[in-house]
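Coordinates in review
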Amino acid sequence: MRPRMLRLFAVLMMLLASPQAFAQGEGPRGIHTQEAVVTDAALVPHARPALATGELRTKRFVIVHTEKAAGAARALAQQIEGVRDGFGAMLGRDWPGTTEIRLGVGRQEFEALALPGGKPPGWAVALAYPGHQIILLDALSLSDTQGPTTLRHELAHVALGQLAKEWPRWFQEGVAQNLTDERYSVAHYTALFRAVTQERVFHFEDLAEDWPDVPADVEIAYAQSAAFVAYLTGKHGPQAMGLLVDGVRAGEPFEQAFGKAFRTSLLLEEQDWREGLAARYGWLPLTTSSALLWLAASALCVAAFARRMWQKSARMTELAAEDAAEDAALRLLAAARAAGPVSPDGSEPGSPSALTWPEWPGATPNPAAPSSRPEALEGAPEALESSTGAPEVSESFEPGDEEPESASGEQEVDAEHLAGRPPKPTLH
């Protein structure tokens, strides 16, 4: 996607100045609010300004500059020929002669370099004199993001003015915008989308001489002019465009030259172009465009990231609660230990060594430890043995002899094998 697709939506205006000197239009915010065209050649005699201190020459250009603009002139001289080659590739023809570009720095030098009778308006940073093949530029504008585009736009007006005289307004603006790649802007797509969905596309015969006055309509006029010229170039190629230029240059009316070059009428070509507008600028392209797919994918990625961060935050909160509960339990246990009595053997209360466990029946008591076995448990082994009816073990049984098997097949274990510990009683 080109960076130009990220431009802001434009508000177009049309500014008409003195009909004796200017035929200029202020359109979208950008180059149309910075460039102007002087079409009256009789009022502006060709004269070299006294402020100019030097000039640089290339194959098809001469760059006249002031002392402050010398650096900008050298940079421009290295690029300007390539720009003109691109124009010839689209139009199929190159305009004759040498084009003069005047460079000054700041508003004062910019106005001082203007031709007598053709002073630029206050909002312009570029001015074209197609009849004299001269372009006036503020060198500071070349460092701006719109500077190169403004220069190309002015060159387009000079090219068409030198190639022929009678061009419809929509064709001039359409060619200029295609030569500067302005037709790829988001503002143009939005304007055509609005025109298609609201059925406000103009007929080109209404844009041949006059231009709309309402800024929103001006935006549509610029956008559809650029789109239609791009349609003609893509369908017929630069050779047909060259034939159109030759016909108009020879003095033929534009529509007559159009029919000879494209072998169809302007009305039929306009109808074919209109039939495809809904497919290119309606709702369908918005739902199937790759840009929308990337936008949806980006939204899903953001949503997944947000969900992951929420889950992580919830888990951290849960772990913090568990840690707080464990800390509280430890504090309670420490408080209980600090408040409890100390056992006689010096162990802490509640510790395993401080607990009294009942002795196993029949086990040898520890004479050093006090007996904790209840009196009721005395004689329990004999009572349990008599109650279960377990067979007696032969006193003649030797340790090396085989152990007799019980009726269930299990071996009897001698009590003496258990180091003085009788077998567990079987409870039923």
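This structure is a prediction, so every number in the text was calculated from the model and none was measured. (Residues numbered from 1 in each chain as written. Predicted model: local features only at pLDDT ≥ 70, side-chain atom pairs only at ≥ 80, totals over all residues. Heavy atoms only, no water.)

Remarks on the nonpolar core
Taken as a class, soluble globular proteins show a tendency for nonpolar side chains to be buried jointly. Where we set the bar: Nonpolar core, defined: a set of buried Ala, Val, Leu, Ile, Met, Phe, Trp, Tyr and Cys residues in which side-chain atoms within 4.5 Å join the residues together. Burial here depends on accessible area, computed with a 1.4 Å probe over protein chains only, as a share of the maximum for the residue type. Under 20% is buried, over 50% is exposed, and the range in between is partly exposed. What counts as a helix is a DSSP run of H or I of at least four residues, what counts as a strand is a run of E of at least two, and both are numbered from the N terminus. Note on contacts: a residue pair is in contact if any heavy atoms of the two residues lie within 4.5 Å.
By size, the foremost hydrophobic cluster in this structure holds 64 residues, and its most contacted members are Ile101, Leu103, Leu155, Trp170, Phe171 and Leu244. Of the residues forming this core, the biggest block, 14 residues, is contributed by helix α7 (residues 215-249). Dropping the residues within four chain positions of it, Ile101 is found in contact with Phe61, Val62, Ile63, Val64, Leu76, Ile80, Ile135, Leu137 and Leu151. By size, the runner-up hydrophobic cluster in this structure holds eight residues, among which are Ala114, Leu115, Leu127 and Tyr129.

As for the confidence of the model for the protein chain
Rules: Confidence scores here are pLDDT values: one per residue, from the predictor, ranging 0 to 100.
Residue-level pLDDT values for the protein chain average 74, and 64% of them are 70 or greater. Every residue in residues 284-289 scores below 50 in pLDDT, and together they form eight contacts with partners more than four places removed in sequence or on other chains. When the criterion is pLDDT under 50, residues 371-419 qualifies, and its contacts beyond four places in sequence or with other chains add up to 30 contacts.

Remarks on unusual backbone geometry
Even without being a glycine, Gln133 presents a positive backbone phi close to 55 degrees. Tracing the sequence through the fold places Gln133 in the loop between β5 (126-129) and β6 (134-138). Although it is not a glycine, Arg263 adopts a positive phi angle of roughly 55 degrees. If you trace the backbone, Arg263 turns up in the loop between α8 (254-262) and α9 (266-275). Here Arg263 falls in the exposed class, since its relative accessible area comes to 76%.

A look at the pattern of salt bridges
Spelled out, the test is: The rule for a salt bridge is simple: a side-chain nitrogen of Lys or Arg has to be within 4 Å of a carboxyl oxygen of Asp or Glu.
This structure, assessed with the given rule, holds 16 salt bridges. For the salt bridge of Arg60 with Asp85, the shortest nitrogen-to-oxygen distance reads 2.6 Å. Here Arg60 is found in the loop between β2 (54-57) and β3 (61-65), whereas its partner Asp85 is found in helix α2 (residues 80-91), with 25 residues between them in sequence. Judged by relative accessible area, Arg60 falls into the buried class, the value being 14%. Judged by its relative accessible area of 45%, Asp85 falls in the partly exposed class. Of the charged contacts in the structure, one is a salt bridge between Arg315 and Glu318, with a shortest N-O distance of 3.4 Å. One end of the pair, Arg315, and the other, Glu318, are both in helix α12 (residues 290-339), three residues apart, so they sit about a helical turn from each other. You can call Glu318 partly exposed: its relative accessible area is 40%.

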